[in-house]
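What follows is each chain in one-letter form.
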Amino acid sequence: MNTELPPAPSASVSHDSINVSVGGGISSSNYNGASQNSLASRSKSIELLSSTGMGDLTVTKSYKRDTKHRVFVNRSLHLEKIKFFGFDMDYTLAVYKSPQYESMSFHLVVERLISIGYPTQIRDFEYDPTFPVRGLWFDTKYGNLLKVDAYGNLLVCVHGFAFLKPSEVRTLYPNKFIQLEENRIYVLNTLFNLPETYLLACLIDFFTNSDEFTKCNYDSRLASEPTGVKCHDLYMSFKSIFQDCRDAMDWVHLKGDLKRLTVKNLENFVHRDTLLPVLLDRMRDHGSKSFLLTNSEYDYTSKIMSYLLETPERAWESYFDYIVVDSKKPNFFGEGTILRQIDKRTGAQRIGIHTGPLQQGQIYSGGCCDVFSELIGAKGKDVLYIGDHIFGDILKSKKIRGWRTFLIIPELAQELYVWTNKKMLYNRLQNLDAILSDIYRNLDSASPFSPNISNVQEAMREVTHEMDLSYGMLGSLFRSGSRQTFFASQVIRYADLYAASFLNLLHYPFSYLFKAPPMLVS
């Protein structure tokens with residue numbers, strides 16, 4: 001089985017060499033022309049196959065690059081047609097070292113919570129990188145971390161560090177299903193959310209197991225199960241704990257010491273790859289332009305990029321045609337903000353609105369996608385934007401502006417390693433599925449009895465659990481058994497390409513056609 005995530009459903013199928021589109025077709029008036037074109041195309045394809053020794057039409061296994069160097073494809077993309085390569089900075093150009101960076105962030109947020117009144121005992125928390133996984137939902141009502149599939153069906157439910165049994169899950173979530181309600185569910189989608197995910201589990205576990213606190217329901221008319229904890233006359237809802245954690249995380253990033261400590265110890269927290277300037281220069285040599293579009297402010301961006309790219313002979317700005325900081329994504333892809341030029345000597349924004357043109361070597365702040373695209377002369381599909389944030393970078397740039405998208409998933413390297421080494425578990429799951437199919441082989445609607453499949457179901461659960469533990473306590477980023485996660489469904493829907501690192505592009509020519517495998521349904 002391919003290591004790629006299943007591609008998006010195909011929009012059309014081939015039938016008797018005539019393309020029949022879903023929801024459409026070929027009218028009788030155009031049938032003859034279509035038939036002649038189809039026959040000509042078929043002759044060319046047979047001639048080509050024969051000339052390459054594949055004329056017997058047997059399926060030939062295509063060449064694939066080494067897994068660690070591969071770029072995976074959801075929608076076909078011809079690299080030759082890309083005129084602009086756009087980059088996010090954090091976790092894309094600047095790859096933070098894990099778990100050092102997450103651990104620092106975790107402890108800074110803990111200290112912030114203590115400063116606003118949380119018990120000093122939480123200072124004993126230690127970050128465990130084996131627990132959190134991206135793409136979890138946090139249910140602010142019941143204080144649970146949820147791993148769900150694309151449709152809101154629950155795959156895993158954790159309260160603190162207690163994994164709920166199926167019967168307990170059904171009590172809270174009838175039919176093991178929940179809707180993505182913005183006022184109740186928070187999606188922990190980004191790499192910055194990893195320490196936050198673990199801290200939420202720590203806090204819920206701490207308060208629900210403390211002798212000083214008891215789980216309770218502030219208003220039984222709104223919920224029958226506990227929605228918080230109480231100590232004497234103090235009530236803390238799970239929602240308020242979440243909001244405190246969220247606010248503390250934002251404070252650490254915007255006003256706290258996270259960025260100061262990062263730039264103070266760049267070698268400890270940021271990977272520096274000598275291949276980065278090589279790829280950026282090759283993009284230029286190919287005739288494409290590149291731009292940096294980041295939410296980070298100028299001072300921090302300059303220090304990070306100087307560390308990654310600058311040499312005594314060359315400034316980091318020279319690697320990009322256009323640079324925009326403090327872009328306020330995802331708002332940048334909507335109404336945006338005022339576009340201003342940055343004074344590089346002081347780091348301050350110049351007064352007034354910058355009306356263009358955008359000059360190489362200069363730094364700009366804010367703006368919006370419409371204005372930016374007009375100033376650089378880019379149309380939607382001219383741009384391949386590369387980032388790690390599935391909502392801020394990928395979803396909005398794809399959905400609103402039609403940019404081509406390349407999602408960076410650093411966890412992919414470990415996911416593929418486990419997938420390769422534990423593939424026998426997935427094969428075992430497929431064999432159990434075959435057994436289940438065989439049980440029902442000779443049964444139809446006239447069958448008077450229902451076969452006992454409990455043993456097969458239990459075996460499937462055991463294999464799925466063993467597979468999940470191979471990845472970590474909360475399992476794979478992409479799957480639970482044979483079921484895709486919510487995160488995986490977003491990758492399939494919005495990312496044209498994805499890889500563990502965009503530096504994998506070094507292993508492909510700029511004329512390369514990334515071809516999605518043809519499938520009727522995924």
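All values reported here derive from a predicted model rather than from experimental measurement. (Residues numbered from 1 in each chain as written. Predicted model: local features only at pLDDT ≥ 70, side-chain atom pairs only at ≥ 80, totals over all residues. Heavy atoms only, no water.)

Trainee: Tell me about the overall build of the protein, and please be specific about residues and values.
Mentor: Across its full length, the protein carries 15 helices and 23 strands. Element-wise, carbon and sulfur atoms account for 51% of the exposed surface of the protein, whose accessible area totals about 26,800 Å². (Helix = DSSP H or I, 4+ residues; strand = E, 2+ residues; numbered from the N terminus. Areas by Shrake-Rupley, 256 points an atom, 1.4 Å probe, with all protein chains shown as cover.)

Trainee: Run through the pairing of strand S19 (residues 404-408), naming residues and quoting values.
Mentor: For S19, the tally of buried residues reaches five of five residues, placing the bulk of the element in the interior. Every second residue of S19 is oriented toward a common face, with Arg404, Phe406 and Ile408 on one face and Thr405 and Leu407 on the other, all of them buried. Between strand S18 (residues 383-387) and its parallel partner S19, the chain crosses via helix H11 (residues 390-399), and the hand of that crossover is right-handed. Bridge count for S19 against strand S22 (residues 497-499) is three bridges, and the pairing is parallel. Following the sheet pairing, isoleucine 408 is matched in S22 by alanine 499. (Buried < 20%, exposed > 50% of the residue type's maximum accessible area, 1.4 Å probe, protein only. Right-handed = clockwise from strand over helix to strand, strands pointing away. Pairing = 2+ DSSP bridges.)

Trainee: Summarise helix H10 (residues 369-376); cite the residues concerned and give the values.
Mentor: Residues spaced three or four apart along an α-helix point in a common direction, a consequence of the helix completing one turn every 3.6 residues. Listing the buried residues of H10 in full gives Cys369, Phe372, Ser373 and Ile376. For H10, the angular spread of buried residues about the axis comes to 95°, placing them on one side. Its buried side turned inward, H10 meets strand S5 (84-87), strand S14 (289-293) and strand S15 (322-325). Phi turns positive one or two residues past the end of H10, at glycine 377, with a value near 75°. (Arc of directions from axis to C-beta. Contact = heavy atoms within 4.5 Å.)

Trainee: Which residues make up the sheet that holds strand S12 (residues 228-231), and what values go with them?
Mentor: The antiparallel open sheet is built from three strands, whose spatial order is S11-S12-S13. The sheet is open, and its two edges are formed by strand S11 (214-216) and strand S13 (234-237), each paired on a single side. Going from strand to strand, the sheet's axes swing by 35° on average, the running direction of each strand aside. Two strands pair when backbone bridges link them, and S11 and S12 are joined in this way by three bridges, in the antiparallel orientation. Directly across from cysteine 216, in S12, lies its bridge partner glycine 228. Packed onto the sheet, helix H5 (residues 238-254) meets S12 and S13 and runs at close to 70° relative to S13. (Axes fitted to C-alpha atoms, helices over the stretch in contact; angles between N-to-C directions.)

Trainee: Run through the packing of helix H2 (residues 100-115) against helix H4 (residues 193-209), naming residues and quoting values.
Mentor: When two helices pack together, their arrangement is given by the angle between the helix axes and the distance between those axes. Where H2 meets H4, the axes come as close as 9 Å, and the angle between the chain directions of the two elements is 45°. On the basis of their axis angle, the class for H2 and H4 is oblique. Considering only the axes of H2 and H4, their crossing is right-handed. Only Leu194, Pro195, Tyr198, Leu199, Cys202 and Leu203 of H4 make contact with H2, whose side of the interface consists of Glu102, Ser105, Phe106, Val109, Val110 and Leu113. Residues belonging to the contact of H2 with H4 are distributed by class as follows: 10 nonpolar, one polar and one charged. (Parallel < 35°, antiparallel > 145°, perpendicular 65-115°, else oblique. Left-handed = near helix turned anticlockwise from the far one by under 90°. Nonpolar A, V, L, I, M, F, W, Y, C, P; charged D, E, K, R; others polar.)

Trainee: Any chance you could break down the packing of helix H13 (residues 423-439) against helix H14 (residues 454-471) for me, citing the residues and the numbers?
Mentor: Two elements in contact, H13 and H14, have axes separated by 10 Å at closest approach and are oriented at 165°. In terms of their interaxial angle, H13 and H14 are classed as roughly antiparallel. Where H13 crosses over H14, the two elements pack in a sense that is left-handed. In contact with Leu425, Tyr426, Arg428, Leu429, Leu432, Asp433, Ile435, Leu436 and Ile439 of H13, H14 contributes Val456, Ala459, Met460, Val463, Thr464, Glu466, Met467 and Ser470.

Trainee: Describe the sheet that holds strand S6 (residues 136-139), and please don't skip the residues or the numbers.
Mentor: Pairing in this open sheet of five strands is antiparallel, and the strands run S9-S8-S7-S6-S10 from one edge to the other. Strands at the two margins of the open sheet, each flanked by one partner only, are strand S9 (162-163) and strand S10 (185-188). The sheet contacts of H4 involve S6, strand S7 (144-148), strand S8 (154-159) and S10, and relative to S10 the element is tilted by about 130°.

Trainee: Can you tell me about the packing of aromatic side chains, naming the residues and giving the values?
Mentor: With the rule as written, the count across this model stands at 38 aromatic pairs. Pairing tyrosine 91 with phenylalanine 192 gives two aromatic rings, centres 5.1 Å apart and planes at 70°, and the pair type is edge-to-face. Placement of tyrosine 91 in the loop between S5 and H2 and of phenylalanine 192 in the loop between S10 and H4 is noted, with a sequence separation of 101 residues between them. Among the residues examined, tyrosine 91 registers a relative accessible area of 3% and is labelled buried. The class of phenylalanine 192 is partly exposed, set by a relative accessible area of 23%. Aromatic rings pair up to connect Phe291, Tyr322, Phe332, Phe333, Phe372, Tyr385 and Trp403 into one cluster. Above the plane of the ring of tyrosine 300 lies lysine 259, whose end atom (NZ or CZ) is 5.2 Å from the centre. The aromatic ring of tyrosine 307 is capped on one face by arginine 272, whose charged end is 5.8 Å from the ring centroid. (Phe/Tyr/Trp six-rings, centres within 6.5 Å; stacked < 30°, edge-to-face > 60°. Lys NZ or Arg CZ within 6 Å of the ring centre and 35° of its normal.)

Trainee: I'd like a description of unusual backbone geometry, backed by residues and values.
Mentor: A cis geometry characterises the amide bond from lysine 329 onward to proline 330, with omega recorded as 5°. Note on placement: proline 330 falls in the loop between S15 and strand S16 (340-342). Geometrically, the link from glycine 356 to proline 357 is a cis peptide bond, its omega value of -5° lying close to zero. Of note in the backbone geometry, lysine 176 takes a positive phi value of approximately 55° without being a glycine. With respect to the helices and strands, lysine 176 occurs in the loop between helix H3 (166-172) and S10.

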